Amino acid sequence: MSLPNSIQKLIQQIDHNLTQTEQRAYQGINLVRPLLEQFPENFILMRHFAYFNNVVLFIGIAQNKTRSIVDICTQENLTTEEIQEIGKDLGELLGRILDAKISIENIIKILEI
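Read on for a plain summary of the structure. No experiment lies behind these values; they were computed from the predicted model shown.

## Quick look at the packing of helix H1 (residues 5-38) against helix H3 (residues 80-111)
Contact pair H1 / H3: the axes reach a minimum separation of 9 Å and the direction vectors enclose 25°. In terms of orientation, H1 lies roughly parallel with respect to H3. Taken as a pair, H1 and H3 cross one another with a handedness that is left-handed. When grouped by side-chain class, the residues that make up the contact of H1 with H3 number 20 nonpolar, 7 polar and 3 charged.

## What to know about the environment of Gly 60
Here Gly 60 lies in helix H2 (residues 43-75). Spatially, the C-alpha atoms of Gly 60 and Asp 89 are 17 Å apart, while their sequence positions differ by 29 residues.

## Some details on the side chain of Thr 21
By the element assignment, Thr 21 lies in helix H1. The exposure class of Thr 21 is buried, given its relative accessible area of 1%. Of note is the side chain of Thr 21, whose polar atom sits 2.6 Å from the backbone oxygen of Asn 17. Sequence-distant contacts of Thr 21, defined by excluding residues within four places in its chain, comprise Val 55, Ile 59, Ile 97, Ala 100, Lys 101 and Ile 104.

## A short note on empty space enclosed by the protein
Tallied over the full model, the rule gives 1 cavity of 30 Å³ or more. Considering the residues around the largest cavity, the lining is formed by Ser 2, Leu 3, Pro 4, Ile 7, Cys 73, Leu 78, Ile 83 and Ile 86. By residue class, the composition of the lining of the largest cavity is 7 nonpolar, 1 polar and no charged.

## Some remarks on the pattern of salt bridges
Summed over the entire model, instances satisfying the criterion amount to 1 salt bridge. Where Arg 24 meets Glu 105, a salt bridge forms, and the shortest distance between an N and an O atom there is 2.8 Å. Of this pair, Arg 24 sits in helix H1 while Glu 105 sits in helix H3, and the two are 81 residues apart along the sequence.

## Considerations on H1
With 34 residues, H1 extends 50 Å between its outermost C-alpha atoms, agreeing within 8% with the 50 Å of an ideal straight helix rising 1.5 Å per residue. Those residues of H1 hidden inside the fold are in contact with H2 and H3.

## Points about H3
With 32 residues, H3 should cover 46 Å at 1.5 Å per step; its first-to-last C-alpha distance of 46 Å lies within 8% of that length. Looking only at H3, the buried set comprises Ile 83, Ile 86, Gly 87, Leu 90, Leu 93, Leu 94, Ile 97, Ala 100, Ile 104, Ile 107, Ile 108 and Leu 111. Next to the buried residues of H3 lie H1 and H2.

## Section: the nonpolar core
One finds Ile 7, Ile 14, Phe 52, Ile 86 and Leu 90 to be the most contacted residues of the largest nonpolar core, which totals 30 residues. Of all the elements in the fold, those that place two or more residues in this core are H1, H2 and H3. Per-element accounting of this core gives the leading share, 11 residues, to H3. Those residues in contact with Ile 14 that sit more than four places away from it in its chain are Thr 66, Leu 90, Leu 93, Leu 94 and Ile 97.

## Some points on the packing of H2 against H3
Look at H2 against H3: their axes get within 11 Å of each other, and the N-to-C directions meet at 155°. Considered as vectors, H2 and H3 are oriented roughly antiparallel to each other. When you trace H2 past H3, the crossing you get is left-handed. Mapping the contact onto sequence places Leu 45, His 48, Tyr 51, Phe 52, Val 55, Phe 58, Ala 62, Lys 65, Thr 66, Ile 69 and Cys 73 in H2 and Ile 86, Leu 90, Leu 93, Arg 96, Ile 97, Ala 100, Ser 103, Ile 104, Ile 107, Ile 108 and Leu 111 in H3. When grouped by side-chain class, the residues that make up the contact of H2 with H3 number 17 nonpolar, 3 polar and 2 charged.

Here is what the cut-offs are and how they apply
- Residues numbered from 1 in each chain as written.
- Predicted model: local features only at pLDDT ≥ 70, side-chain atom pairs only at ≥ 80, totals over all residues.
- Heavy atoms only, no water.
- Axes fitted to C-alpha atoms, helices over the stretch in contact; angles between N-to-C directions.
- Helix = DSSP H or I, 4+ residues; strand = E, 2+ residues; numbered from the N terminus.
- Parallel < 35°, antiparallel > 145°, perpendicular 65-115°, else oblique.
- Left-handed = near helix turned anticlockwise from the far one by under 90°.
- Nonpolar A, V, L, I, M, F, W, Y, C, P; charged D, E, K, R; others polar.
- Buried < 20%, exposed > 50% of the residue type's maximum accessible area, 1.4 Å probe, protein only.
- Polar contact = N/O pair within 3.5 Å; in protein donor to acceptor, adjacent residues only side chain to side chain.
- Contact = heavy atoms within 4.5 Å.
- 1 Å grid on protein atoms, 1.4 Å probe; cavity = no way out; pocket = protein on both sides within 12 Å on 5 of 7 lines; lining within 4 Å.
- Points joined across faces, edges and corners; volume = space filled by probe spheres on them.
- Salt bridge = Lys/Arg side-chain N within 4 Å of Asp/Glu carboxyl O.
- Expected span 1.5 Å × (residues − 1).
- Core = buried A, V, L, I, M, F, W, Y, C linked by side-chain atoms within 4.5 Å.

Structure (C-alpha cells):
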C-alpha cells in the first residue's frame, strides 16, 4: 500500500525539522563545550549541554520511529482508522520536534550573546 498524501507530507515535514533540529543541537553543543571547559561548575551550562545531547538522542529515536511507520504503512493494508491513528502519532511527534527546535533556538540565542 502506498502512503496517503497527507501522511507523506507529514513525514516530509518531520524529516525536514529533524534535520534542522539536529544541526542546531550540534551547533549548541559546540557553543557550550568551550564555555563548560572554562566554567566546569556552571550548572546552567551543564543543563544546556545535557539538553542538547538529549535532543540529539531524541532525534535518532524519532528518525527510527518515522522509518518504522513508513515500513508499516507500505507493507500492510491499513484501515482508515489505522491511518488516522498513524497521522495523529506523526502529528504529535512533529509537535515534540518543533518544541525541541524552539527551545534549542532560544538557548542558542542566549549563548551567542
